Amino acid sequence: MNIIETRRLTKRFGNMTANDGIDFAVKQGEIHAIIGENGAGKSTLMNMLYGLLQPDEGEIYIRGQKTRITSPKVAIQLGIGMVHQHFKLVPSLTIAENILLSSEPIKSGFIDKKKSLEIVERLIREFGFVMNPKDRIRDVSVGVQQRVEILKMLYRDVDILILDEPTAVLTPQEVDELLVSLRHLKNKGKTIIIITHKLGEVKRCSDTVTVIRHGKVVNTVKTSDVEEKDLANMMVGRDVLLRVEKQERRPGNVIYEVKGLSTKDNRGVKVVDNVSFHVREGEIVGFAGVEGNGQSELMKILSGLWRATEGSVTFMGRDITNAMPRKLRELGIGIVPEDRYEHGSCKTMTIAENLIAGYHYRKPFTRWGFLRSKEITAHAERLKNRFDVRAATLQQHVGSLSGGNAQKVIIARELSMNPKVLIVSQPTRGVDIGSIEFIHQQIIKSRDEGKAVILISSELSEIMNLSDRILVMYKGSVIGEFPAKDVTQEKLGYLMAGIP
């Protein structure tokens, strides 16, 4: 029996059709994965099933009944819950308080705390989770927070759980635990829809896979009938290299060195604590760690967006501690920031303008203080072709591009200036599988050309595939360093969780 079914479901945003006549069905009691490139329409479809968006055309059936889902409240009443990629928890409240928030048991006009605790303890036992309901959210791991979000929905008696990129910020061990939990929920009769781009996890946990491309369903298949490479081909429409191919290299001289680097946030708490490392020419040094352990702050220091309170940064023997971004670029340091729109590009500027941003004052783009549109356009055309930026025109705003193409614009700009050091943070976050393959190739090419590369990523597979050496960050400090070829995913996962 289909617990959910959509017929000819269509959603438009202006001239763009995000979902185009989608026919989609989920059987009761299965784990159903939805995959597709960035911008394919996966989240739009799920947001209509959860009542966050309304379809322009088509019909939704829940348990065989035609239904209008006008809001998340209506969705929950119909037994549909959604766990978003960015958790919606209150850090200062306990696990129990977060799970019951706005639905607490009341006694004599007050929240019955004793009964609240009993309810949550029973819920934790029933679904086989391991956590202390008295712990505050700010004190527990990301993996526990993920399970709290799931329990929030289960407390509201949902039968259908929609999970949006549920493993994006988990350690390998937490991923394993989550997948076990999902199978346990399935055995309890729950139906689970999971949106993900991690094909290995699709194979490990799902019964059925639906592939969406350009707003349309390409195929729905039994997971056991296909391999990862088949799914990748369906997503992109061509064969995709899933593993990075790189040759063994002998790194050159140390070109970039960090000693005892520390900084504090606005609360006076050390978020980068005594970090030291070096990078050689022709080497990729990767930083692994669960998000929130100082990688973002380290990136901001290295790229001139945040001041270090202690320590030093040296480039080719020259002290560049706390140098501004413009100075760093002038010295030959390319910067690909963590947030492609906040720090890496301007959404309301054209592709051509973004391709010279930060370098716009240099020749040949400027002469006698004036920008030279002919040279800027010619430069942009070359980079558009070389880096496969897919756009109708160079005058398109970067904000109108897919995440993958916006990222290609930033990488094209930085690499076109032939830096000696490339600092890259989260290079493929929110990027489709075809663009991931291309971006990885460009990073490896930079290393093979003799550039020193510093790579920060929350994607452990990315760190392991690209890096020559791996450093692990936990609570602002480096707690381990290994040659990439000598370390296992399991060992890194334990270190990322702070377990030596």
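Parameters at a glance
Residues numbered from 1 in each chain as written. Predicted model: local features only at pLDDT ≥ 70, side-chain atom pairs only at ≥ 80, totals over all residues. Heavy atoms only, no water. Helix = DSSP H or I, 4+ residues; strand = E, 2+ residues; numbered from the N terminus. Rg over C-alpha atoms; globule rule 2.2 N^0.38 Å. Buried < 20%, exposed > 50% of the residue type's maximum accessible area, 1.4 Å probe, protein only. Pairing = 2+ DSSP bridges. Salt bridge = Lys/Arg side-chain N within 4 Å of Asp/Glu carboxyl O. Polar contact = N/O pair within 3.5 Å; in protein donor to acceptor, adjacent residues only side chain to side chain. Contact = heavy atoms within 4.5 Å. Domains from an automatic or database assignment. Buried area = accessible area lost by both parts, 1.4 Å probe. 1 Å grid on protein atoms, 1.4 Å probe; cavity = no way out; pocket = protein on both sides within 12 Å on 5 of 7 lines; lining within 4 Å. Points joined across faces, edges and corners; volume = space filled by probe spheres on them. Nonpolar A, V, L, I, M, F, W, Y, C, P; charged D, E, K, R; others polar. Expected span 1.5 Å × (residues − 1). Core = buried A, V, L, I, M, F, W, Y, C linked by side-chain atoms within 4.5 Å. Axes fitted to C-alpha atoms, helices over the stretch in contact; angles between N-to-C directions.

1. Quick look at the overall build of the protein chain
Link 1 in the chain: Along the protein chain, the regular secondary structure elements total 16 helices and 24 strands.
Link 2 in the chain: Relative to a compact globule of 500 residues, whose C-alpha radius of gyration would be 23 Å, the protein chain shows 24 Å and is just as compact.
Link 3 in the chain: Each principal axis of the C-alpha distribution contributes one length, and for the protein chain these read about 70 × 50 × 45 Å.
Link 4 in the chain: Out of the 500 residues in the protein chain, the part that is buried amounts to 53%.

2. Focus: the pairing of strand E4 (residues 57-62)
Link 1 in the chain: As paired strands, strand E1 (residues 2-13) and E4 are joined by 5 bridges and run antiparallel to one another. In the strand pairing of E4, isoleucine 4 is matched with isoleucine 62.
Link 2 in the chain: Bridge analysis of E4 against strand E5 (residues 65-67) gives 3 bridges, and the strand direction is antiparallel. Among the inter-strand pairings, tyrosine 61 is bridged to a residue of E5, identified as lysine 66.

3. Details of the pattern of salt bridges
Link 1 in the chain: Counted by the stated rule, this structure contains 27 salt bridges.
Link 2 in the chain: When the shortest N-O distance is used, the salt bridge between arginine 204 and aspartate 176 registers 2.5 Å. Within this pair, whereas arginine 204 is found in helix H7 (residues 199-205), its partner aspartate 176 is found in helix H6 (residues 172-187), the two being separated by 28 residues in sequence.
Link 3 in the chain: Overall, aspartate 176 belongs to the partly exposed group, its relative accessible area being 38%.
Link 4 in the chain: Connected via shared salt-bridge partners are Lys246, Arg447, Asp448 and Asp468.

4. Overview of the side chain of asparagine 354
Link 1 in the chain: In this structure, asparagine 354 sits in helix H11 (residues 351-354).
Link 2 in the chain: Within the structure, asparagine 354 has its side chain in polar contact with the backbone nitrogen of cysteine 346 (distance 2.8 Å).
Link 3 in the chain: Beyond its immediate chain neighbours, meaning those up to four positions away, asparagine 354 contacts Ser345, Cys346, Met349, Val398, Val409 and Arg413.

5. Looking at the domain arrangement of the protein chain
Link 1 in the chain: When its domains are assigned, the protein chain resolves into domain 1 (2-226) and domain 2 (254-496).
Link 2 in the chain: For domain 1 versus domain 2, the distance between C-alpha centres works out to 33 Å.
Link 3 in the chain: If you look at the interface, domain 1 gives 11 residues, while domain 2 gives 18 residues.
Link 4 in the chain: Interface area, domain 1 with domain 2, both sides summed: about 1100 Å², of which 57% is carbon and sulfur.
Link 5 in the chain: Our count for the contact surface shared by domain 1 and domain 2 stands at 1 salt bridge.
Link 6 in the chain: As a salt-bridge pair, lysine 198 and glutamate 459 come within 3.6 Å of each other at their nearest N and O atoms.

6. Examining empty space enclosed by the protein
Link 1 in the chain: All chains considered together, the criterion is met by 1 cavity of 30 Å³ or more.
Link 2 in the chain: Approximately 30 Å³ is the volume found for the largest cavity.
Link 3 in the chain: Taken together, Tyr256, Ile301, Leu302, Val313, Ile320, Thr321, Asn322, Ala323 and Leu328 form the lining of the largest cavity.
Link 4 in the chain: Within the lining of the largest cavity, the residues separate by chemical class into 7 nonpolar, 2 polar and no charged.

7. Considering unusual backbone geometry
Link 1 in the chain: In this structure, proline 364 follows lysine 363 across a cis peptide bond, with omega equal to 5°.
Link 2 in the chain: Note that proline 364 resides in the loop between H11 and strand E19 (366-367).
Link 3 in the chain: Despite not being glycine, serine 108 has its phi angle at roughly 55°, a positive value.
Link 4 in the chain: By secondary structure assignment, the location of serine 108 is in the loop between strand E7 (106-107) and strand E8 (110-111).

8. Observations concerning helix H5 (residues 142-155)
Link 1 in the chain: Between its first and last C-alpha, H5 extends 20 Å over 14 residues, near the 20 Å set by a 1.5 Å rise per residue.
Link 2 in the chain: Most of H5 sits out of view: 13 of its 14 residues are buried.
Link 3 in the chain: One or two residues past the end of H5 sits aspartate 157, with phi positive at roughly 65°.

9. Structural notes on the nonpolar core
Link 1 in the chain: By size, the foremost hydrophobic cluster in this structure holds 119 residues, and its most contacted members are Met46, Ile150, Leu151, Leu161, Leu182 and Leu231.
Link 2 in the chain: Structurally, this core is a two-domain feature, drawing no fewer than three residues from each of domain 1 (2-226) and domain 2 (254-496).
Link 3 in the chain: In this structure, leucine 161 is in contact with Gly81, Val83, Ile150, Met153, Leu154, Leu185, Thr191, Ile192 and Ile193, ignoring residues within four places of it in sequence.
Link 4 in the chain: Membership of the second largest hydrophobic core comes to 30 residues, among which are Phe315, Ala323, Leu331 and Leu471.

10. A few points about the environment of lysine 113
Link 1 in the chain: Position of lysine 113 among the secondary structure elements: in helix H4 (residues 113-126).
Link 2 in the chain: Separated by 246 residues in the primary sequence, lysine 113 and tyrosine 359 have C-alpha atoms spaced 60 Å apart.

11. Notes on the sheet that holds strand E21 (residues 421-425)
Link 1 in the chain: Spatial ordering of the open sheet is given by E18-E21-E22-E15-E23-E24, a layout of 6 strands whose pairing is mixed. Only two strands of the sheet have a single neighbouring strand rather than two, namely strand E18 (333-336) and strand E24 (477-483). With strand direction ignored, the average angle separating the axes of adjacent strands in the sheet is 15°.
Link 2 in the chain: Across 6 bridges, the pairing between strand E23 (residues 469-474) and E24 is antiparallel. The residue bridging tyrosine 474 from the neighbouring strand is serine 477, located in E24.
Link 3 in the chain: The strands that helix H14 (residues 433-448) touches are strand E15 (283-288), E21 and strand E22 (452-456); relative to E15, the one it contacts most, it runs at about 135°.

12. Some details on the pairing of strand E9 (residues 160-164)
Link 1 in the chain: Along E9, 5 of the 5 residues are buried, which leaves the element largely enclosed by surrounding structure.
Link 2 in the chain: The side-chain alternation of E9 yields two buried faces, one formed by Ile160, Ile162 and Asp164 and the other by Leu161 and Leu163.
Link 3 in the chain: Direction of pairing for strand E6 (residues 80-83) relative to E9: parallel, over a ladder of 4 bridges. Looking at the pairing, glycine 81 lines up with leucine 161 of E9.
Link 4 in the chain: Pairing of E9 with strand E10 (residues 191-195) involves 5 bridges; the strand directions are parallel. Considered in E10, the bridge of aspartate 164 is made with isoleucine 195.

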